[in-house]
Amino acid sequence: EAIYGIERWGKGLFEVLENGNIGLITQHGETTTTTDLTSILHSLEERGIASPILLRIANNLQSQIDKINNGFQTAIKELNYKNSYRGVFPVKVNQQAHVIEKIVEYGAPHNFGLEVGSKPELIIALGQRLATESLLICNGIKDSEFISLALLSRKLGFNTVLVLESVSELELVLKESKRIGIRPALGIRIKLNNRITGNWALSSGDRSAFGLSAPDVLHVIERLKEEEFLDCLLLQHFHLGSQVPDILDVRRSTAEACRFFVELRKEGAPLKYIDLGGGLGIDYTGEHKSTENSINYTTTEYCNNIVEAVKNTMDDAGEDHPIIVTESGRATVAYSSMLLFNILDVTHYEDRETIEIGNDDLRSLRDMRDVESYLTPTRLQECLNDVTFYRDEVRRNFGRGEIGLRDLVKAEKLYLHLVSRMRKVAQGDEWVSDDVKSALESSADIYHANFSLFQSLPDVWAIDQLHPIIPIQRLNEEPTRRAILSDITCDSDGKVDQFVLADGISNSLPVHELSEGEHYHLAVFFVGAYQETLGDLHNLFGDTNVATIEIQPDGDVNLIHEVEGDTIAEVLRYVEYDPLALSNSFKKMVEEAVSKKRLTAGERKTIMTAFKESLNGYTYFEH
Ligand code: PLP
């Protein structure tokens, strides 16, 4: 179990139970409950909710909302900050109806609001009963329809703020506002010079596509003055980019944003809110350092740094403290979901039998066999080079027609046998270079898994995002195999070959040898942010089954919501097929076959039933 580094990235959310299964830890006031993930999975499967399943744990969503809000409250109190915090959830990070409903419910005691970046997201937000003090922040490019809806929503009591993203948007807002006769609450998105590191570096700095440059900001102020709308400018916004790895970037950018804030107030803008956007990251690897998949700070540090940086700049300038707003999406939802899937099959890259090579065998085969005589930790690289050379020589001989299939098979088997011997030597106590280890691991087994990378983990495919992935059972047994994961699509990109382990990132995952017919499940953690709507229908694998559970203080697990995954008929409709027309066309062909006596009437019934059952079935492998 220690090999996976669960205690490092698990952050008190997971632990290994005595029976070797993963336990989910939930906090209920002073009490802590641990629930067996495998038994949750079995009870879902008994209800007919099959793998792959996206499992949402409502408790983790609530605890993150509380953590972020309480983090700011505590910082405000401790640092004697003279105003409050008012967070918003950016809908784009997870738009799923049930997630948004729960965020609104759990966020209400904290006046947690919503941020939207498009008309559909605005409509989602307007369908929610937000707490009276909550903000509804509108970012993104807005047309007059978006603007008028946002303006009118203020009449219903929504605290809707239109954030100006460009100079031309200002003119449109002024026009709509005068036409409808509603004065807006305005925000202005500024572009900072400070650039962050990490995957979203391009969202920051003066070449960022978003926000207004200093000259544009001044132009907006002038225009607002001219039109007598400057009193409407209440919020200043910026967004550094997601998953900011380094706390110093948060601090520097906050200080830079505060300087703009002070100057805008001097220009007469009655700014009330400073909105610092998203960026609060997740430590996916548990390394606690400034890298693309980790962060070098905690939520508490993040809150303290922001509150302190705003306070200091405002105090230095003699300005009143504004309400602090952040738009934490990833940190709010990532922890609340995990993907559970089963292993369908295994391709072993190892030959466990010793291959007898005699003196009559080919010279390359004999040389390869002899490598075993100098297989020691210090000579591993040499051994690997040699076996690869001899194996390739046999392959070349086969290609030229000089040897037959049986010799080729001997070479392939001997190669696998020797590489797995080398892997064992590399796992010993003696030092072996990372290059050799990784070359040996790259010949790991392939575990074929029942999920689609493109549908369920698009960021793993697109930007090499790392998520902790582990088996959820048998963690009290030593995992004797190393594997990469291959998904169910027919795409060579559909694989996972980077894994978070206790001693760093590895290109293979320690897994257990599977017995015949065993149901072996893996979980991918922290997939609640961005993955669901970014996913696509590659090979027409649709949405997975989704189950939301709430764990009670006594350990009871309530299934509070379920969404059945796409059926084949549904995904076919997405790509403009009419399942009924397909079924009719198929039926016609079957009927023709019956009339030509190629099918019996009974076979017709069987084939039509199979076709219809498939249409209404899950797109993934079904047991
Ligand atoms: N606010 C804006 C304007 C964004 O563009 C984003 C996403 O990039 C967010 C907030 C959410 O960022 P994060 O998920 O890092 O909290």
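Since the structure is predicted, the reported quantities are computational estimates derived from the model, not experimental observations.

## Here's the deal with the sheet that holds strand β3 (residues 31-36)
Link 1 in the chain: If you trace the three strands from one edge of the open sheet to the other, you get β1-β2-β3, paired in antiparallel fashion. Taken across any chain shown, the strands that pair with only one partner, and hence form the sheet edges, are β1 (14-16) and β3. Strand-to-strand twist of the sheet, defined as the mean angle between neighbouring strand axes without regard to direction, takes the value 35°.
Link 2 in the chain: One ladder, built from six bridges, connects strand β2 (residues 22-28) with β3; its direction is antiparallel.

## With respect to the environment of Leu186
Link 1 in the chain: Here Leu186 shows up in strand β9 (residues 185-189).
Link 2 in the chain: On the basis of neighbour count, Leu186 is assigned to the buried category, with 23 C-beta atoms found within 10 Å.
Link 3 in the chain: Spatially, the C-alpha atoms of Leu186 and Pro479 are 57 Å apart, while their sequence positions differ by 293 residues.
Link 4 in the chain: Other than its neighbours up to four places away in sequence, Leu186 contacts Val161, Leu162, Leu164, Cys232, Leu233 and Leu234.

## Quick notes on the domain arrangement of the protein chain
Accessible area lost upon the coming together of the parts is a frequently used measure of interface size.
Link 1 in the chain: For the protein chain, the assigned domains are domain 1 (57-336), domain 2 (363-440) and domain 3 (568-615).
Link 2 in the chain: With centres defined by C-alpha atoms, the gap from domain 1 to domain 2 works out at 57 Å.

## Here we look at the UniProt feature "modified residue: N6-(pyridoxal phosphate)lysine" (unreviewed entry) in the protein chain
Link 1 in the chain: According to UniProt, the positions carrying the feature "modified residue: N6-(pyridoxal phosphate)lysine" (unreviewed entry) are Lys92.
Link 2 in the chain: Summarising the element assignment, Lys92 is placed in the loop between β5 (88-90) and α4 (97-107).

## Observations concerning the pairing of strand β13 (residues 337-347)
Link 1 in the chain: Both strand β4 (residues 53-57) and β13 contribute to a ladder of four bridges, which runs antiparallel. Each residue of the ladder has a partner; that of Leu55, found in β13, is Met338.
Link 2 in the chain: Looking at chain direction, β13 and strand β21 (residues 521-524) are connected through four bridges and run antiparallel. In the strand pairing of β21, Phe341 is matched with Leu522.
Link 3 in the chain: Where β13 meets strand β14 (residues 445-449), four bridges bridge the pair, whose relative direction is antiparallel. The residue of β14 that forms the bridge with Ile343 is Ala449.

## What to know about the environment of Leu174
Link 1 in the chain: Looking at where Leu174 falls in the secondary structure, it is placed in helix α7 (residues 167-180).
Link 2 in the chain: If sequence neighbours within four positions are ignored, Leu174 has contacts with Glu227 and Phe229.

## Points about the environment of Glu171
Link 1 in the chain: With respect to the helices, strands and loops of the structure, Glu171 is situated in helix α7.
Link 2 in the chain: Here Glu171 falls in the exposed class, since 12 other C-beta atoms lie within 10 Å of it.
Link 3 in the chain: A sequence separation of 190 residues divides Glu171 from Asp361, and the C-alpha atoms of the two residues are 84 Å apart.

## Some thoughts on unusual backbone geometry
Most peptide bonds take the trans configuration, and most residues that are not glycine carry a negative phi.
Link 1 in the chain: In this chain, Ser51 is followed by Pro52 through a cis amide linkage whose omega measures 0°.
Link 2 in the chain: Its location among the elements puts Pro52 in the loop between α2 (37-46) and β4.
Link 3 in the chain: One non-glycine residue, Arg474, lies in the positive phi region at around 60°.
Link 4 in the chain: Along the chain, the position of Arg474 falls in the loop between β15 (469-471) and β16 (481-486).

## A few points about the pairing of β9
Link 1 in the chain: A large share of β9 lies buried, amounting to five of its five residues.
Link 2 in the chain: Every second residue of β9 is oriented toward a common face, with Ala185, Gly187 and Arg189 on one face and Leu186 and Ile188 on the other, all of them buried.
Link 3 in the chain: Both strand β8 (residues 159-164) and β9 contribute to a ladder of four bridges, which runs parallel. When the sheet's bridge partners are listed, Leu164 is paired in β9 with Ile188.
Link 4 in the chain: Taken together, the four bridges between β9 and strand β10 (residues 233-237) define a ladder with parallel strand orientation. Bridge assignment links Gly187 to a residue of β10, and that residue is Leu235.

How each quantity is defined
- Residues numbered from 1 in each chain as written.
- Predicted model: local features only at pLDDT ≥ 70, side-chain atom pairs only at ≥ 80, totals over all residues.
- Pairing = 2+ DSSP bridges.
- Helix = DSSP H or I, 4+ residues; strand = E, 2+ residues; numbered from the N terminus.
- Axes fitted to C-alpha atoms, helices over the stretch in contact; angles between N-to-C directions.
- Buried ≥ 20, exposed ≤ 12 C-beta atoms within 10 Å, placed from the backbone.
- Contact = placed C-beta atoms within 7 Å.
- Domains from an automatic or database assignment.
- UniProt positions renumbered as here; feature names shortened; annotations may be inferred.

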